[in-house]
Amino acid sequence: DAGITQSPRHKVTETGTPVTLRCHQTENHRYMYWYRQDPGHGLRLIHYSYGVKDTDKGEVSDGYSVSRSKTEDFLLTLESATSSQTSVYFCATGDAYEQYFGPGTRLTVT
Amino acid sequence: KQEVTQIPAALSVPEGENLVLNCSFTDSAIYNLQWFRQDPGKGLTSLLLIQSSQREQTSGRLNASLDKSSGRSTLYIAASQPGDSATYLCAARGSNYKLTFGKGTLLTVNP
């Protein structure tokens, strides 16, 4: 385990509300990633970071934004949550070779 | 765009069998390939990582092979046990350090 924590672990929110998920790592890894996992789609990359304040979009970035002000923290924000964003969200960190995953956050948008 | 496919989607075997899980990818220009295990409601645990220059990696009862030219990787599990029951995911890493995942193989090992 690469010392990755995610908070909250579970959240229920209403459509239209903003939501922020936090990923915290203790491994000093350069790269950090946010994925969502949905039945039938597998794991899909939302956004990733290759350094402090350096971020880029993944394949399903619409409706999401990210920020990384410190090496150890990577925040994922849903500006206005929609029911289609109900999912399990995983954070991952990595070096040049491997990725390590956090325990996940189950988000339900009602 | 890289696409990763895993076959079969589900597999049920009796305890003690040797089994093979398959992973194929469309773009052979990969940096490495990683196999993960995911238990229900849990995160992903890395099992094996094969660099593009390697042909195989072994860890205990697990052996993963990589054939870049044909776009294939296999995960071999020897003497399967009920505790091996989980979803197995493969992921190909491109030069941009991003992983592309397959949808996984759900393995059930029956006592």
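As a reminder, the structure under discussion sits directly above these lines.
Rules and cut-offs
Residues numbered from 1 in each chain as written. Chains lettered and ligands numbered in written order. Predicted model: local features only at pLDDT ≥ 70, side-chain atom pairs only at ≥ 80, totals over all residues. Heavy atoms only, no water. Core = buried A, V, L, I, M, F, W, Y, C linked by side-chain atoms within 4.5 Å. Buried < 20%, exposed > 50% of the residue type's maximum accessible area, 1.4 Å probe, protein only. Helix = DSSP H or I, 4+ residues; strand = E, 2+ residues; numbered from the N terminus. Contact = heavy atoms within 4.5 Å. Pairing = 2+ DSSP bridges. Axes fitted to C-alpha atoms, helices over the stretch in contact; angles between N-to-C directions. Salt bridge = Lys/Arg side-chain N within 4 Å of Asp/Glu carboxyl O.

*Asks:* Honestly, the nonpolar core in this entry has me stumped. Any pointers?
*Replies:* In a soluble, globular protein the nonpolar side chains are often hidden away together inside. B:Leu33, B:Trp35, B:Leu75, B:Ile77, B:Tyr88 and B:Leu107 are the most contacted members of the largest nonpolar core, which has 22 residues in total. Of all the secondary structure elements, the ones that give two or more residues to this core are strand S3 (19-25), strand S4 (32-38), strand S5 (44-51), strand S7 (62-67), strand S8 (72-77), strand S9 (86-93) and strand S11 (105-110) of chain B. With residues near it in sequence (within four places) discarded, B:Leu75 still touches B:Leu19, B:Val20, B:Leu21, B:Trp35, B:Leu47, B:Leu48, B:Leu62, B:Asn63, B:Ala64 and B:Tyr88. Among the nonpolar cores identified, the runner-up in size contains 18 residues, and A:Leu21, A:Met32, A:Val60 and A:Cys91 belong to it.

*Asks:* Quick question: what am I supposed to make of the pairing of S9(B) here?
*Replies:* Across a regular strand the side chains alternate sides, sitting on one face of the sheet and then on the other. Residues and elements named next belong to chain B. Counting buried positions along S9 gives eight out of eight residues, so the element sits mostly inside the fold. In S9, alternate side chains face the same way, and those of Ala86, Tyr88, Cys90 and Ala92 on one face and Thr87, Leu89, Ala91 and Arg93 on the other are all buried. Looking at chain direction, S4 and S9 are connected through seven bridges and run antiparallel. Looking at S9, one finds that Arg37 is bridged to Tyr88. Sheet topology places S9 next to S11; three bridges connect them, and they run antiparallel. Within S11, the residue paired with Tyr88 across the bridge is Thr105. In this structure, S9 lies alongside strand S10 (residues 99-101), joined through three bridges in antiparallel fashion. The residue of S10 that forms the bridge with Ala92 is Thr100.

*Asks:* Would you mind showing me how to read the sheet that holds strand S8 (residues 73-78) of chain A here?
*Replies:* Strand pairing in a sheet relies on backbone hydrogen bonds, with the paired strands running either antiparallel or parallel. Residue and element names in this part refer to chain A. With antiparallel pairing, the four strands of this open sheet are ordered in space as S1-S3-S8-S7. If you trace the sheet from one side to the other, it starts and ends with strand S1 (4-7) and strand S7 (64-70), each paired once. Ignoring which end each strand starts from, the neighbouring axes of this sheet average 20 degrees apart. Relative to S8, S7 runs antiparallel, the two being bridged by five bridges.

*Asks:* Whenever I open this one, the pattern of salt bridges confuses me. Can you help?
*Replies:* Oppositely charged side chains are able to pair whenever their charged atoms sit close together. For the structure on display, the rule yields six salt bridges over all chains. When salt bridges that share partners are traced, they join A:Arg22, A:Lys70 and A:Asp73 into one network.

*Asks:* Looking at this structure, how should I read the pairing of strand S11 (residues 105-109) of chain A?
*Replies:* Residue and element names in this part refer to chain A. Side chains Thr105, Leu107 and Val109 of S11 all project onto a buried face; the interleaved residues Arg106 and Thr108 project onto a face where none is buried. Where strand S2 (residues 10-13) lies against S11, four bridges are found, and the strand directions are parallel. Residue pairing across strands places Val12 opposite Thr108, the latter belonging to S11. Pairing of strand S9 (residues 87-94) with S11 involves three bridges; the strand directions are antiparallel. Across the sheet, Ser87 pairs through a bridge with Leu107, a residue of S11.

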